[in-house]
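# Structural description and commentary
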Amino acid sequence: MALACGIVGLPNVGKSTIFNALTRSAQALAANYPFATIEPNVGEVPVPDRRLEVLAEITGTPKIIHATVRFVDIAGLVRGAASGEGLGNAFLSHIRETDAIAMVVRCFEDPNITHVEGVPDPLRDIEIVTIEMALADLATLGRRRDRLAREVRANPKQAPQLAALDRLIEALEANRPARSFAAGSPEAELARELFLLTAKPMLYVANIDEAQIAAPGPMVQAVFAHAAGENSRAIAFSGKIESEFAGLTDDEADAFRADYGIATGGLDRLIVETYDLLGLMTFLTTGEKETRAWTIDKGTKAPAAAGKIHSDIERGFIRAEIVDYADYVAYRTLEALRGLGKIRSEGKEYVMREGDVVEFRFNV
């Protein structure tokens, strides 16, 4: 199953508008009332990567294949979701099935767009969603603790796991998410095993209006400060404007972005940030038939990367011949690269790097 990022937030903050713009579709109902989205909508979105077009031009490739990332538009949440209010139970169960979270918070005022809490307040909205996820996690941990406590009485060797569980409970009760524990710690491993909602990596998406494109206002600054305070990430863009760009060609959208003074599209930034948040990276292949971006986990070694192309290549792996992307662009031909010693031969222990241009050698 491909890794997925859940788009979450209170009702009516722009989640479905952003999802529809991402997928260039209208599959998620975007409407001015709570719970317009009930069942989650799922979309596979190409990861923007200009390197592919450049490599394709160099090698004369007729076909380009981008990496993709999966987004899930999840029903809005209200206070009391962990106790079943609104569509809370569905919301929380759908989040549990994702691997990362993009929390959309509304950072603009508009009397024509209803806010479920009355007026926009991004920090309050973040707190509502965070508390409901924490309450759901505490319920999960409470059930696990009862069972684990009985197991410890019979097998004292389980005591360290019980201690880690208690530290997770203590953190959540102190408004610290499970993701605040270091990767690889007993607490982080237990949180992953239990699919805790607050253990998932978080990206905050400040949804702004047109007036804030050049200079984001205080609400946006508050979101960025909050994200920095918990070592999470944040981006800001206008979902409404990006949805208008989504119906245009790339050239048309670039022209309109220039009019607004937007250097990089908000949706592109959302996709790239999410891809990285999920712990993913890309290696590249190029040749006469196609130029392609391949998705692997960060830290993947060369044979496992080869297996993404075909299992036979992994089984028969001999070596990976690798060119740095910048060198490929600078020298353009394999003959020139080889003559200058720019093609590296790497073995089974080589850890792939972002943007490696690769040809695998293998036995059939």
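Sequence order sets the numbering: in each chain, residues are counted from 1 along the sequence as written. Note on the predicted model: pLDDT of at least 70 is required for a residue's local features to be given, and 80 or more for side-chain atom pairs to be given and counted; whole-chain, interface and lining totals, by contrast, use all residues. Water and hydrogen atoms play no part in the side-chain values, which are based on all heavy atoms of the structure.

## Considering the sheet that holds strand β4 (residues 68-73)
Selection criterion: Note: two strands are recorded as paired if DSSP finds a minimum of 2 bridges between them. Helix and strand definitions here come from DSSP, where helices need a minimum of 4 consecutive H or I residues and strands a minimum of 2 consecutive E residues; each element is numbered from the N-terminal end. The convention used is that axes are lines fitted to C-alpha atoms, helices contributing only their stretch in contact, and that angles between N-to-C directions extend from 0 to 180 degrees.
Taken in spatial order, the six strands make up an open sheet running β2-β4-β1-β5-β6-β7, and their pairing is mixed. The open sheet is flanked by β2 (41-46) and β7 (233-237), the only strands paired with a single partner. On average, each strand axis in the sheet is inclined to that of its neighbour by 25°, with strand direction left out of account. Here β2 pairs with β4 via six bridges, running antiparallel. Within β4, the position partnered with Val45 by the bridge is Val69.

## Brief notes about the packing of helix α5 (residues 159-173) against helix α6 (residues 186-193)
Definition in use: Oblique is the label for any angle not covered by the other classes, which are roughly parallel (under 35 degrees), roughly antiparallel (over 145) and roughly perpendicular (65 to 115). Every residue pair with non-hydrogen atoms within 4.5 Å of one another is taken to be in contact. Note on residue classes: Ala, Val, Leu, Ile, Met, Phe, Trp, Tyr, Cys and Pro are nonpolar, Asp, Glu, Lys and Arg are charged, and everything else, Gly too, is polar.
Across the interface, α5 lies against α6 with an axial gap of 9 Å and an inter-helix angle of 80°. Compared by their axis directions, α5 and α6 come out roughly perpendicular. Across the interface between the two elements, Gln161, Ala164, Leu165, Arg167 and Leu168 from α5 touch Pro186, Glu187, Leu190, Ala191 and Glu193 from α6. Of the residues that constitute the contact of α5 with α6, the class distribution is six nonpolar, one polar and three charged.

## Re unusual backbone geometry
Where we set the bar: Summary of the burial criterion: residues with accessible area below 20% of their type's maximum are buried, those above 50% are exposed, and those between are partly exposed, where the area comes from a 1.4 Å probe applied to protein chains only.
In the Ramachandran plot, Asn175 falls in the positive-phi region, its phi being about 65° despite a non-glycine side chain. Tracing the sequence through the fold places Asn175 in the loop between α5 and α6. Given a relative accessible area of 65%, Asn175 falls into the exposed group.

## Some details on the side chain of Ser232
Cut-off, in case you're wondering: We call two N or O atoms a polar contact when they sit within 3.5 Å, provided that within protein one can donate a hydrogen and the other can accept it, with sequence-adjacent residues counted only if both atoms are side-chain atoms.
One can find Ser232 in the loop between α7 (218-229) and β7. A polar side-chain atom of Ser232 sits 2.8 Å from a polar atom in the side chain of Glu230. Apart from residues lying up to four places away in sequence, Ser232 is in contact with Arg179, Met202, Tyr204 and Ala227.

## Structural notes on the pairing of strand β6 (residues 202-207)
With respect to burial, β6 is a largely interior element, six of its six residues being buried. Covered by surrounding structure in β6 are Met202, Tyr204 and Ala206 together with Leu203, Val205 and Asn207, the residues of both alternating faces. Note that strand β5 (residues 100-106) and β6 share six bridges and pair parallel. In the strand pairing of β6, Ala102 is matched with Leu203.

## Structural notes on the environment of Gly9
Its place among the elements puts Gly9 in the loop between β1 (4-8) and α1 (15-23). The buried category is assigned to Gly9, whose relative accessible area is 0%. Separated by 190 residues in sequence, Gly9 and Ala199 have C-alpha atoms that sit 17 Å apart.

## Details of the nonpolar core
Inside soluble globular proteins, nonpolar side chains tend to come together where they are buried. Quick reminder of the rule: To form a nonpolar core, buried Ala, Val, Leu, Ile, Met, Phe, Trp, Tyr and Cys residues must be joined to one another through side-chain atoms within 4.5 Å.
The biggest cluster of nonpolar side chains holds 63 residues, and the ones touching the most others in it are Leu22, Phe71, Met103, Met133, Val205 and Leu270. Aside from chain neighbours lying at most four places away, what touches Val205 is Ile18, Ala102, Met103, Val104, Val105, Ile235, Phe237 and Leu270. Formed by 16 residues, the second largest nonpolar core is a distinct cluster that contains Leu172, Ala178, Leu190 and Leu194.

## Examining the packing of aromatic side chains
Inclusion rule: Side-chain rings of Phe, Tyr and Trp, where Trp is taken by its six-membered ring, are said to pair if the distance between their centres is within 6.5 Å; with planes under 30 degrees apart they count as stacked, over 60 as edge-to-face, and otherwise as tilted.
Applying the stated criterion to the full structure yields three aromatic pairs. Pairing Phe283 with Trp294 gives two aromatic rings, centres 6.2 Å apart and planes at 10°, and the pair type is stacked. Here Phe283, found in strand β8 (residues 280-286), pairs with Trp294, found in strand β9 (residues 291-297); they are eleven residues apart in sequence, far enough to count as distant. A relative accessible area of 0% places Phe283 in the buried class. By relative accessible area, which is 11% here, Trp294 ends up buried.

## A few points about the side chain of Thr98
Looking at the element boundaries, Thr98 is found in the loop between α3 (88-96) and β5. Looking at Thr98, its side chain comes within polar contact range of the main-chain oxygen of Ala100, at 3.5 Å. Ignoring sequence-local partners within four residues, the contact set of Thr98 consists of Ala4, Cys5, Gly6, Val72, Ile74 and Lys200.

## Here's the deal with the confidence of the model for the chain
The following threshold applies: Every residue gets a pLDDT, meaning the predictor's confidence in that residue, from 0 to 100.
Counting all residues, the mean pLDDT for the chain is 89, and 92% of those residues have values of 70 or more. Predicted confidence for residues 28-37 stays below pLDDT 50, and this span has 30 contacts to residues more than four positions away or in other chains.

## Some words on the packing of helix α4 (residues 122-154) against α5
The condition that has to hold: The hand of a helix crossing depends on one turn: near helix anticlockwise from the far one by less than a right angle means left-handed, and clockwise means right-handed.
It is the contact of α4 with α5, at a shortest axis distance of 10 Å, that shows an interaxial angle of 155°. The orientation of α4 with respect to α5, classified from their angle, is roughly antiparallel. Along this stretch, α4 crosses α5, giving a crossing that reads as left-handed. Within the contact between the two elements, α4 uses Ala134, Asp137, Leu138, Leu141, Arg144, Arg145, Leu148, Ala149 and Val152 and α5 uses Ala159, Gln161, Leu162, Leu165, Asp166, Leu168, Ile169, Leu172 and Glu173. Taken together, the residues of the contact of α4 with α5 sort by class into twelve nonpolar, one polar and five charged.

## Points about the environment of Pro62
Mapped onto the fold, Pro62 is located in the loop between α2 (50-59) and β3 (64-65). Residues Pro62 and Lys289, 227 residues apart in the sequence, show an inter-C-alpha distance of 6.5 Å. Excluding residues that lie within four positions of it along the chain, Pro62 makes contacts with Glu288 and Lys289.

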